Amino acid sequence: MIPIDFEYYRPSTIIKAVQLYQDLTGNQKQTIFYGGGTEIISRARMNEISPNAVIDLKNIPECNVLKKDTETITIGATVSLTQIADSAVFPLLTNVARSIAFRTARNKITIGGNLTGDIIYREALLPFLLTESEAVIAGREGTRQVVISGNGIKLNEGEFIVQLVTNNKFAQYRHINHKTTKQSKVNYPIVSIASILVDDQIRVAFSGVCAYPFRLNQIEEALNDVTNSPGKRIQAAIDLLPAPILHDAQASSEYREFVLKQALQQLLDNFEGVS
Amino acid sequence: MKTESYTVIGKSVPRVDMPDKAFGRTKYTNDVTIPGVLHAKLHTSTRAHAVIKSINLAKAWEVPGVRAILTGDAFPFPVGPMLADRPPLAVNKVRYCGEPIAVVVADNIHQAKKAATLIDVEYEDLPVVNSPAEAMKSNAQLIHENLSNYKVQVKGVYPTPNTNIANLTKIRKGNMQTGWEASDITIESRVSFTPADHAALETRCARVEILSNGRVMVYSSTQGPFYVRKLLSEFFHIDAGMISVQTPLVGGAFGGKGTVQLEFIAYLASRAVGGKMVKIENSREEDLIMSPVHIGLDASVKLGATKDGKLKAAEIKFLFDSGAYSDTGAGISKAAASDCTGPYAIENVHCDSYCVYTNHPYATSFRGFGHPELTFAVEKAMDKLAARLQVDPFELRLLNAIGPGDTTPTQVNLNASNIGDVSSCLTKIRNLIGWNPNKNVQTTRDGKIRTKGISCFWKTSSTPPNATAGAVLTFNTDGSINLNCAAVELGQGTKTVLGQILAEKLKMDTKDIHVTLEVNTQYDPHQWKTVASSTTMIAGRAVLAAAEDAIKQLKNVGSTVLKSSPEDLDIAKGRIFLKDSPEYGVKITDVAVGYKYPNGNTVGGLVVGNGSYNVRHLTPLDPETGFGKPGPQWGVGAQAVEVEYNPKDYTYKIVKAATVLDAGKVINPQAAIGQMRGGMYLGLSWATRESFTFDDKGIVLNPQLRTYDILRASETPEYLVDFVETPLVDGPYGARGMGEYGVIGMAGALANSLSAACAADLNQLPLTPELIWKLVEGKGDVQ
Amino acid sequence: MIQNMQAGQLISLAINDQVKEAYVRNSDTLLYTLREQFGLVGAKPGCNNGDCGSCTVLVDGIPINSCHILSVEAVGHKITTIEGLTDSTIQQAFIGNWAIQCGYCTPGYILNIYALIQTYPDADDAMINEWLESNICRCTGYQEIKEAVKNTLIARKINE
């Protein structure tokens, strides 16, 4: 039971969605874009957010695209994690998506929602971070296309993600993902990493380790520095983490570090055949 | 199993409640929409221990539709089942995170909720007592300053004023000095775990209406409709006859719905709005921490044994973490004391079992009532002793298995009937799990370690000495029978089993028995509660008595019709007939509603069968020695768990879980197997992942099913179940209790199996990979 | 309350092959509307947070936690609740395999499994596990539920 009331809109075009946002916020109505809505419903139920209006993006055709052509993989923001997991267009993303929540939840959670939500994990971001993917973003100034890097996608006021575009070639590369939870598989990650081997170079992105998901060049350089032993490379990577390791009800920071080391070791073993 | 000539007992009669459940037709308490019902919503504490400086209701009153807002002063008196220590709404201070402070009553649920969130409470924090060990310190912060003024509701609860001790039960059996002197080896073991939850899928819900004549109508998802009536009557001074409690089917309970909480609040709320019907339903978050939880424990066990493994002495200390209020925690600490040794014969026993207040959510009964908890402590100690003695843990248990001729910790003499056969259960579990002391630790090709662990368990019911049940039988014109009794159907199959008992007695087909699934205290005879694996016994005996009564009446009328003496008659398959000439008889249909002669004259009237049963000869425990009889019989069994442990990352998979229970007599095999599997699952889910995580301020960090881990379908082991049948002489067809037992030994067997795999003393729960990592790596105490 | 008109609306929902109308608040979940407006109480409020699966219904044949979808969001989609499941094969399998105890998880579980069987009649154990882990059952230990699914899949194959 959501105690608050809000207006609900389901526009059929990008332009209408953008315009609605402008109009509503112009009328001092706090407005949010709505994809799968699972996080919005839960947070509104718990009084953590109280929007005056929501704009459901699911009727916008561009947001529902899921296709692969000769050049690119295009995924609309309101495509569900299940649709992605069940399609073979982007194998690494398929695997990562399948590790999030459980199937019935994935039927509702959208890729756009996972990438822009307030939950600190946003695991679906990892494959995009690794593949120089681009986000098509709509806003008052029209649409813009930005490369997804670092900590993810930064949206300005009134913007929403329309699509995610990934170069087709990445679907072919070797890839691994690894997720450790506290105990039940159905839970938030203690450590979730996704990795891809591009031109013999390991790329790796992390969720659950720090308070936000990230990919960092220096970490990859350290891991790819074959002049060092695997142990040293892993330690170097951990020393380069961009923020303190999380310490919360899911796991202590010490245990997270242990799990992270193991995950990185497995990664090196897998890509390099060392043990 | 022996083959008797039963036609219904021992058959897997399909549970009568299944079809409606499969089609979504079953109505639980919250599935009824009533026009005009008002909705109540709570404002709960965000602090674990704080003085309430002020409560500002102004903004809440501004919400449209708000009809009443109640705070602690609406009823500033403590309530509680054993020790009255808990105000229905917090008074002056809060003692746990999640404690109800105020209740809003409004036309619509969203209005009530909106208003509840707008209540502004100003707190002044008090030091938080975050574990029972902290609570026991001599300088500990007191959680109940007025403990000495609280009214003891049930004989045998002993609070210690000016401490955080809500109850202490002492066991003093034999002579400890003799015991230690006779011991060649002693071991000590300590285990602990924080509170967890029942997490029944149906959250608790209650509706209360006060009619214009003062009659209080209660609708509640409870395991004890008569218990709700009893407590409402006692605390609000309402004549019991003026209270009617109705309970439809209940969506899981596991002990968590055996106490009274929302009903108090709903009654006060209804009273505040002129008696209109008020509904209160828990959100999942409230159900997890505002309502009572599964108790925590900190236990120390010291065992002494001769060098050939015979147990000589046990010194045991339980600190049960009852949280902010004692509820049934006092009873749990008593029950655990009564059975503190597990099913082992020990002549010298010393046990101090404390129910301790902390600033955690308060605890109530959980399936097994203290036994899954004590068994984890005892079974860990038994494996430690076996390791020290270098004997097979199985043989150690077999050597010390308790049996006829021995006495329990409270010095009850055991005989061939009042205790099941521990040795037979052990022998059977050995075969079921494939126990082989030389092969119990095996390394797989991929470097994983497969191990097995075992545990034994026992439990007596710990019912009140006057626990009772009744049954009423009426006959329909088609000769079928209606069975009414106040046993609550929780999914355990009690209504089906009672129907089977009746069908067997009357030699009828179960399709001709109509068991009323819902309970209504106004129509059904009194029953204590549906808890403690006691229903088959107490309600089963009541049904047998009612059947006897009906048979007597049928034979009386039949004897007139058949011109014979009642003694010469028998009843079967819907007929009353002469024993020596079965072809000469009369249909029950023609007798049960009065026999009509061809000329229209009628004799006999309606047959109404009544029966009741009381547990007998139970006594409170002596406050100094614990001497006394806590239950009519001890159900026993053995369990085993096989795990595959990965020493690289400290993860593991549960491969097999096995139970052998001495059921006395299995009345419905498929239902019994389901109870055992479900019990093992609940025990394993708890032992592997379920617990509340507290921060240093006593705040629960995981009050949601998203973060309160529960074992999922993809994570289940292979379940193995078998039974031993040592009849309980006065049990219905020899049956003992069953419902709780599958849970009891799981934590112990799992911890023993995993401890063998990782060669560390895994003495805490839940057994997460992080905990194992810390204990194996010697990273110190996790909690 | 004229200023609040936009907080709610009259909607038509296609539920169990019937069109049903109701005034709803925009913030009402489908679970709430099903239960409180239409009396379709087979969907159970186990957590209202998308964690337990007790409120699962089918939206265009796909299992969705009805606590995690707004009623207004469901407009234009075909909704099936336990009350509308006319093929009773799964129900019978649940009864036959004793896959029901308290029954509170049962309707959600049955709808989820119905969709699984419709979508993947050749589902293997891994697939079955992936689908079944969406629902929490607190009573059975899941074995009987898995047996109900497997036996239904086998029976379908034999009948084909």
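Residues numbered from 1 in each chain as written. Chains lettered and ligands numbered in written order. Predicted model: local features only at pLDDT ≥ 70, side-chain atom pairs only at ≥ 80, totals over all residues. Heavy atoms only, no water.

As annotated in an unreviewed UniProt entry, chain C carries the name (2Fe-2S)-binding protein and is attributed to Virgibacillus oceani.

Named according to an unreviewed UniProt entry, chain B is Xanthine dehydrogenase, molybdenum binding subunit originating from Virgibacillus oceani.

1. What to know about the overall build of chain B
What chain B contains, in helices and strands, is 19 helices and 35 strands. Relative to its length of 783 residues, chain B is compact, with a C-alpha radius of gyration of 27 Å against a globular reference of 28 Å. The principal-axis extents of the C-alpha atoms in chain B amount to approximately 90 × 75 × 50 Å. Expressed as a percentage of the 783 residues in chain B, the buried residues total 66%. Long-range contacts, defined here as pairs at least 24 residues apart, represent 78% of the contacts in chain B between residues at least 6 apart. A total of about 26000 Å² of accessible surface is found on chain B, and carbon and sulfur atoms cover 49% of it. The positive charge centre, built from 80 side chains, and the negative charge centre, built from 79, are 2 Å apart in chain B. (Helix = DSSP H or I, 4+ residues; strand = E, 2+ residues; numbered from the N terminus. Rg over C-alpha atoms; globule rule 2.2 N^0.38 Å. Buried < 20%, exposed > 50% of the residue type's maximum accessible area, 1.4 Å probe, protein only. Contact = heavy atoms within 4.5 Å. Areas by Shrake-Rupley, 256 points an atom, 1.4 Å probe, with all protein chains shown as cover. Lys, Arg positive; Asp, Glu negative; His and termini not counted. Charge placed at Lys NZ, Arg CZ, Asp CG, Glu CD.)

2. Some remarks on the overall build of chain C
Counting secondary structure elements, chain C contains 5 helices and 5 strands. The order of helices and strands in chain C, counted from the N terminus, is β-β-α-β-β-β-α-α-α-α. Compactness check: chain C gives a C-alpha radius of gyration of 17 Å against a globular reference of 15 Å for 160 residues, within 12% of the reference. Taken along its principal axes, the extent of the C-alpha atoms in chain C is 60 × 30 × 25 Å. The buried share of chain C, taken over its 160 residues, is 65%. For chain C, the exposed surface amounts to about 5500 Å²; the carbon and sulfur share of it is 52%. Considering chain C, the positive charge centre built from 10 side chains and the negative charge centre built from 17 side chains are found 4 Å apart.

3. A few points about the interface of chain A and chain B
With 24 residues of chain A at the interface, the matching set in chain B holds 29 residues. Counting the surface lost from both chain A and chain B, the interface buries some 2300 Å², and carbon and sulfur atoms represent 49% of this. When the shortest N-O distance is used, the salt bridge between B:Glu285 and A:Arg45 registers 2.6 Å. Along the contact surface separating chain A from chain B lie 15 residue pairs in polar contact (both at pLDDT 80 or more). In terms of residues, the side of chain A that touches chain B owes the most to one element, helix H10 (residues 253-272) of chain A, which gives 4 residues. Taken together, the residues of the side of chain A that touches chain B sort by class into 12 nonpolar, 8 polar and 4 charged. (Buried area = accessible area lost by both parts, 1.4 Å probe. Salt bridge = Lys/Arg side-chain N within 4 Å of Asp/Glu carboxyl O. Polar contact = N/O pair within 3.5 Å; in protein donor to acceptor, adjacent residues only side chain to side chain. Nonpolar A, V, L, I, M, F, W, Y, C, P; charged D, E, K, R; others polar.)

4. Focus on the sheet that holds strand S11 (residues 205-210) of chain B
All names here are of chain B. Pairing in this open sheet of 8 strands is mixed, and the strands run S3-S6-S1-S14-S11-S12-S13-S25 from one edge to the other. The sheet is open, and its two edges are formed by strand S3 (66-71) and strand S25 (519-520), each paired on a single side. Running over the sheet, helix H6 (residues 225-236) touches strand S12 (216-220), strand S13 (243-247) and S25 and is turned about 150 degrees from S13. Strands in contact with helix H7 (residues 262-272) are strand S1 (38-44), S3, strand S6 (100-106), S11, S12 and strand S14 (278-281); relative to S11, the strand with the most contacts, it is inclined by about 35 degrees. (Pairing = 2+ DSSP bridges. Axes fitted to C-alpha atoms, helices over the stretch in contact; angles between N-to-C directions.)

5. Some words on the interface of chain B and chain C
The partner chain C presents 49 residues to the 56 residues of chain B that form the contact. Across the chain B to chain C interface the summed buried area is about 4200 Å²; carbon plus sulfur atoms make up 55%. Taken as a group, B:Phe23, B:Leu201 and B:Arg712 account for 17% of the area that chain B buries against chain C, more than any other trio of residues on that side. Linking chain B with chain C are 5 salt bridges. Ionic pairing is found between C:Lys44 and B:Asp31, a salt bridge with its closest N-O pair at 2.5 Å. Here chain B and chain C share 29 residue pairs in polar contact (both at pLDDT 80 or more) between them. Looking at the side of chain B that touches chain C, the elements that each hand over two or more residues are helix H1 (18-22), helix H3 (109-117) and helix H16 (669-689) of chain B.

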